[in-house]
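Secondary and tertiary structure notes
Here are the chains, one letter per residue:
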Amino acid sequence: MKLPRAISDVIESFEKLPGIGPKSAQRLSFYLLHVPQGELDKFAQSVENLKKGTVLCSICFTIDETSPCAICADPQRDHSTICVVEQALDVIALEKSGQYKGVYHVLHGRIDPLNNIGPDEIYMRQLFDRIHDHAARIASSAKGYGEPMEVIIATNPTMEGEATAMYIHKQLKVQSFDETQDKSEKLRVTRIGRGLPMGSDIEYADDITLQRAMEGRREFGN
Ligand SMILES: [Zn+2]
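Okay, so let's go over this structure.

Rules used throughout
Residues numbered from 1 in each chain as written. Predicted model: local features only at pLDDT ≥ 70, side-chain atom pairs only at ≥ 80, totals over all residues. Heavy atoms only, no water. Helix = DSSP H or I, 4+ residues; strand = E, 2+ residues; numbered from the N terminus. Buried < 20%, exposed > 50% of the residue type's maximum accessible area, 1.4 Å probe, protein only. Contact = heavy atoms within 4.5 Å. Areas by Shrake-Rupley, 256 points an atom, 1.4 Å probe, with all protein chains shown as cover. Lys, Arg positive; Asp, Glu negative; His and termini not counted. Charge placed at Lys NZ, Arg CZ, Asp CG, Glu CD. Donors = N, O, S within 2.8 Å, 3.2 Å for Na, K, Ca; no water. Tetrahedral: all angles 85-135°; square planar, octahedral: opposite > 155°, others 65-115°. Axes fitted to C-alpha atoms, helices over the stretch in contact; angles between N-to-C directions. Left-handed = near helix turned anticlockwise from the far one by under 90°. Nonpolar A, V, L, I, M, F, W, Y, C, P; charged D, E, K, R; others polar. Phe/Tyr/Trp six-rings, centres within 6.5 Å; stacked < 30°, edge-to-face > 60°. Polar contact = N/O pair within 3.5 Å; in protein donor to acceptor, adjacent residues only side chain to side chain. Salt bridge = Lys/Arg side-chain N within 4 Å of Asp/Glu carboxyl O.

**Side note on the overall build of the protein chain**
For the protein chain, the count of helices and strands is eight helices and seven strands. Judged by the C-alpha coordinates and their principal axes, the protein chain covers about 75 × 35 × 35 Å. For the protein chain, with 222 residues in total, the buried portion stands at 37%. The long-range fraction of contacts in the protein chain, counting pairs at least 24 apart against all pairs at least 6 apart in sequence, stands at 56%. Total accessible area on the protein chain stands at roughly 13500 Å², and carbon and sulfur atoms take up 55% of it. Charge separation in the protein chain, taken as the distance between the mean sites of 26 positive and 32 negative side-chain charges, equals 2 Å.

Dropping the structure here:
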């Protein structure tokens, strides 16, 4: 029996989603046949608006309704502390844990050589540009020397997340952005970790664990 086109189209769309196999795609599609038309219209409308109603923040690349995002635009936040995460969902998780008062940088991925994802495939260069700009601003400001900057690397404690963290650390060590001042005075690179089990996702960690991981961050390499 050949499926009506209207059904097979929906099945095909579901199958493209991560974690949805052909059987689940079929089940979800047939389930939707029992949902009232009004609800289906609402569902379709919200999917249609998903990308139209959101933008990437031009500073931290998180997803919000405005650019700069609410966090980057907030003068109460500490803009010299940047927490680097893999995805926008991690920002939401860390914000929910409630303790962090700095800003973020969303990479939208991680370095994953097996899947051909290198630093150029994610928002890595933008991170280094941002750190350079910040350092330049501090150097040229009246206050100048002294205001230290911290980069907290909060990639997931997975193989790829660790590789990404190492890459960032190495690059920041290599890229000397101001020879006239002792770099260690101006840039701390830390890694969150304590309490986050190896192989886990920040997105799924509970608030207490995230709070502890943030408080227990260490200088990179120590
Ligand atoms: Zn932002």
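Okay, back to it.
**Observations regarding the coordination of the zinc ion**
Every protein donor of the zinc ion is accounted for by C57 (SG), C60 (SG), C69 (SG) and C72 (SG), and the metal-donor separations fall at 2.3 Å. Because the angles between the four donor atoms bound to the zinc ion fall within 107 to 115°, the donor set is best described as tetrahedral. Each donor residue of the zinc ion belongs to the same chain, with the gaps between them written as C-x2-C-x8-C-x2-C. Of this pair, C57 sits in the loop between β1 (55–56) and β2 (63–64) while C69 is found in the loop between β2 and β3 (78–85), placing the two residues 12 residues apart along the sequence. A relative accessible area of 0% places C57 in the buried class. Exposure remark for C69: the relative accessible area of 1% places this residue in the buried category.

**Some details on the packing of helix α5 (residues 124–140) against helix α6 (residues 159–174)**
As a packed pair, α5 and α6 sit with axes 12 Å apart at the nearest point and diverge in direction by 35°. Like other packed secondary-structure pairs, α5 and α6 cross with a definite hand, here right-handed. Here M124, L127, F128 and I131 of α5 come into contact with α6, specifically with T164, Y167, I168, Q171 and L172. Here the residues of the contact of α5 with α6 sort into seven nonpolar, two polar and no charged.

**Quick word on the packing of aromatic side chains**
Applying the stated criterion across every chain, the model contains three aromatic pairs. On the basis of an interplanar angle of 45° and a centroid distance of 6.4 Å, the ring pair of F128 and Y167 is categorised as tilted. On the criterion of sequence distance, the pair formed by F128 in helix α5 and Y167 in helix α6 is long-range, its members being 39 residues apart.

**Focus on the side chain of S97**
With respect to the secondary-structure elements, S97 resides in helix α4 (residues 88–97). One polar contact links the side chain of S97 to the main-chain carbonyl oxygen of L94, over a distance of 2.8 Å. With residues near it in sequence (within four places) discarded, S97 still touches D207, L210 and Q211.

**Digging into the pattern of salt bridges**
Evaluated as defined, the whole model comprises 10 salt bridges. When the shortest N-O distance is used, the salt bridge between R217 and E150 registers 2.6 Å. Here the residue R217 occupies a position in the loop between α8 (207–215) and β7 (218–219), and E150 occupies one in strand β5 (residues 149–153), the gap between them amounting to 67 residues. Since its relative accessible area comes to 27%, R217 is described here as partly exposed.

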